[in-house]
Amino acid sequence: MKYRVVQWSTGNVGRHAIAGIDAHPELELAGVWVSSPEKAGKDAGELAGLGRELGVIASNDTDALLALEPDCVVYTAMADDRLMEALEDLKRILRAGINVVSSSPVFLQFPDGVVPPEVSGPVREAAADGGASLWVNGVDPGFANDWLPLVLSGICERIDQVRCLEILDYATYNNRKVLFDIMGFGKPIEETPLLLQPGVLGLAWGSVVRQLAAGLDVELDGVEESFERLPAPETFQIPAGTIAGGTAAALRFEVRGIRGGRAVCVLEHVTRLRPDLGPDWPQPAGQGCYRVEITGEPNYTLDLRLLGSDGDHNTAGLKATAMRLVNAIPAVVAAAPGLLTALDLPLITGRGMVSR
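Residues numbered from 1 in each chain as written. Predicted model: local features only at pLDDT ≥ 70, side-chain atom pairs only at ≥ 80, totals over all residues. Heavy atoms only, no water.

### Details of the pattern of salt bridges
Side-chain pairing between opposite charges can occur once the charged atoms of the two side chains come close.
Okay, so step 1: Tallied over the full model, the rule gives 18 salt bridges.
Okay, so step 2: Across the salt bridge formed by Arg259 and Asp221, the nearest N and O atoms sit 3.7 Å from each other. Here Asp221 lies in the loop between α8 (200–215) and β8 (222–231) and Arg259 lies in strand β11 (residues 248–259), a separation of 38 residues in the sequence.
Okay, so step 3: You can call Arg259 partly exposed: its relative accessible area is 39%.
Okay, so step 4: The exposure class assigned to Asp221 is exposed, which follows from its relative accessible area of 55%.
Okay, so step 5: Glu234 is the salt-bridge partner of Arg274, the closest N and O atoms lying 2.6 Å from each other. Here Arg274 is found in the loop between β12 (262–272) and β13 (289–297), whereas its partner Glu234 is found in the loop between β8 and β9 (236–238), with 40 residues between them in sequence.
Okay, so step 6: Using a relative accessible area of 39% as the deciding quantity, one classes Glu234 as partly exposed.
Okay, so step 7: Through salt bridges that share partners, Arg163, Glu224, Arg252, Glu254, Arg256 and Glu268 make up one connected network. (Salt bridge = Lys/Arg side-chain N within 4 Å of Asp/Glu carboxyl O. Helix = DSSP H or I, 4+ residues; strand = E, 2+ residues; numbered from the N terminus. Buried < 20%, exposed > 50% of the residue type's maximum accessible area, 1.4 Å probe, protein only.)

### Things to note about helix α4 (residues 83–95)
Okay, so step 1: The terminal C-alpha atoms of α4 lie 18 Å apart, and with 13 residues this matches the ideal 18 Å at 1.5 Å per residue to within 8%.
Okay, so step 2: Looking at α4, one finds that the buried residues are Ala86, Leu87, Leu90, Lys91, Ile93 and Leu94. For α4, the arc enclosing every buried residue in end-on projection is 165 degrees, short of the 170-degree limit, so these residues lie on one face.
Okay, so step 3: As for α4, its buried residues are in contact with β1 (3–8), α3 (62–66), β4 (72–75), β5 (99–102), α5 (117–130) and β6 (133–136).
Okay, so step 4: Looking at the residues trailing α4, positive phi occurs at Gly97, about 85 degrees. (Expected span 1.5 Å × (residues − 1). Arc of directions from axis to C-beta. Contact = heavy atoms within 4.5 Å.)

### Digging into the layout of surface pockets
Okay, so step 1: In this model, the second largest pocket occupies a volume close to 210 Å³.
Okay, so step 2: Every residue lining the second largest pocket is counted, 13 residues in all, and those nearest its centre are Val139, Phe143, Leu304, Ala320 and Arg324.
Okay, so step 3: Among the elements that take part in the lining of the second largest pocket, helix α9 (residues 313–326) stands out by supplying 4 residues, more than any other. (1 Å grid on protein atoms, 1.4 Å probe; cavity = no way out; pocket = protein on both sides within 12 Å on 5 of 7 lines; lining within 4 Å. Points joined across faces, edges and corners; volume = space filled by probe spheres on them.)

### Things to note about the packing of aromatic side chains
Okay, so step 1: One pass over the structure, following the stated rule, counts 4 aromatic pairs.
Okay, so step 2: Geometrically, the ring pair formed by Trp8 and Trp33 is stacked, given 5.2 Å between the ring centres and 10 degrees between the ring planes. Of the two residues, Trp8 sits in strand β1 while Trp33 sits in strand β2 (residues 27–33), which places them 25 residues apart along the sequence. Assigned by exposure class, Trp8 and Trp33 land together as buried.
Okay, so step 3: By way of ring pairs, the aromatic residues Trp8, Trp33 and Tyr75 are connected into one cluster.
Okay, so step 4: Arg176 extends its terminal NZ or CZ atom over the ring of Phe180, reaching a point 4.1 Å from the ring centre.
Okay, so step 5: In this arrangement the basic side chain of Arg274 is found over the ring face of Phe236, its NZ or CZ atom lying 4.8 Å from the centre. (Phe/Tyr/Trp six-rings, centres within 6.5 Å; stacked < 30°, edge-to-face > 60°. Lys NZ or Arg CZ within 6 Å of the ring centre and 35° of its normal.)

### What to know about the nonpolar core
A general feature of soluble globular proteins is that nonpolar side chains tend to end up buried together.
Okay, so step 1: Trp135, Leu179, Leu195, Trp205, Ile238 and Ile243 are the most contacted members of the largest nonpolar core, which has 85 residues in total.
Okay, so step 2: It is α8 that provides the largest number of residues to this core, a total of 7 residues.
Okay, so step 3: Ile238 has contacts with Ala171, Leu179, Phe180, Ile243 and Leu273, leaving out every residue within four places of it along the chain.
Okay, so step 4: Of all hydrophobic cores here, the second largest spans 27 residues; its members include Ile93, Val115, Val136 and Leu339. (Core = buried A, V, L, I, M, F, W, Y, C linked by side-chain atoms within 4.5 Å.)

### Quick word on helix α1 (residues 14–23)
Okay, so step 1: In terms of burial, α1 is largely enclosed, as 7 of its 10 residues are buried.
Okay, so step 2: Among all positions of α1, only Gly14, His16, Ala17, Ile18, Ala19, Gly20 and Ile21 are buried.
Okay, so step 3: On its buried side, α1 packs onto β1, β2, α2 (44–47), β4 and α9.

### As for the sheet that holds β8
Okay, so step 1: Across the sheet, 6 strands lie side by side as β8-β11-β12-β7-β13-β14; this open sheet has mixed pairing. Each edge of the open sheet is held by one strand with a lone partner, namely β8 and β14 (300–305). Averaged over all pairs of adjacent strands, the angle between strand axes in this sheet comes to 15 degrees, irrespective of strand direction.
Okay, so step 2: Pairing geometry for β11 and β12, over 10 bridges, is antiparallel. Bridged to Val255 within β12 is Leu267. (Pairing = 2+ DSSP bridges. Axes fitted to C-alpha atoms, helices over the stretch in contact; angles between N-to-C directions.)

Geometric values such as these leave the question of function open.
Below, the structure is given as structure tokens:
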């Protein structure tokens, strides 16, 4: 049996998802949704940059794609600047009885305690009405701070703190909206971008520390957040645009789960646009990495180094997000209807993906 899949969007993550669906022996690409008229009518293989046609033509007709009655939709449309629209998309797909694996909105990875019930409740109701499941995940929020640290915790005698870090140079992440408009790079330091507005870090990554705490059977007293930014020493260029001297060029933030007055579960991001920025901040293994540090008995440091076959670590991060979703499709389709978390699913592997 093959699971029929519709890919929803063909951007930075979506094009990798198409490649992953095509490569997966248990999946069949049934349709592709695109937002722009320019992409509608093009072959999925072309949109994914595969250099060959897949025989699946992209469409911006939502009704026609839902009428295909696929087993699952891989939803990778950006939600950061269109949150309500994304929630409506997900509810519509779920009510149609179609399972969804999604990279956004990220707070749905583990919404309890992160957003009020009136936000997550309608999504749960839509899943119940359609008898379908939704699983939101990726690499971060996702694998790098759910199963990766939880597996490492299994060889501990005592845990004082679990810290999950993303340490990446974002210079080659060619998404101007994310880098400039949401993260505030290339903007005056005194301006507060969307990501750093009060409560936004906790909304985006509070799900990480709360899910991690739940996996460790720890009840948190609360969640705190903090950040630090550094300016560019002079003007330089990245693929997404110009970073003027004196504008924001590096960002470090933490979201901390607090228990008994101390941080027990911590999510930390160290984001640079040049490797020489913030020399006293944590440095990556290789070109970029996800790191898990467990303080306790014993102490552990685990580095997951990223590198795409094109030599770019950011390509690897996008591919990891896409494949975390694609490889989970059989498990999500088999799961009971509802809003799922990583704690609800079995260990997801690359079964069937070894090259032959």
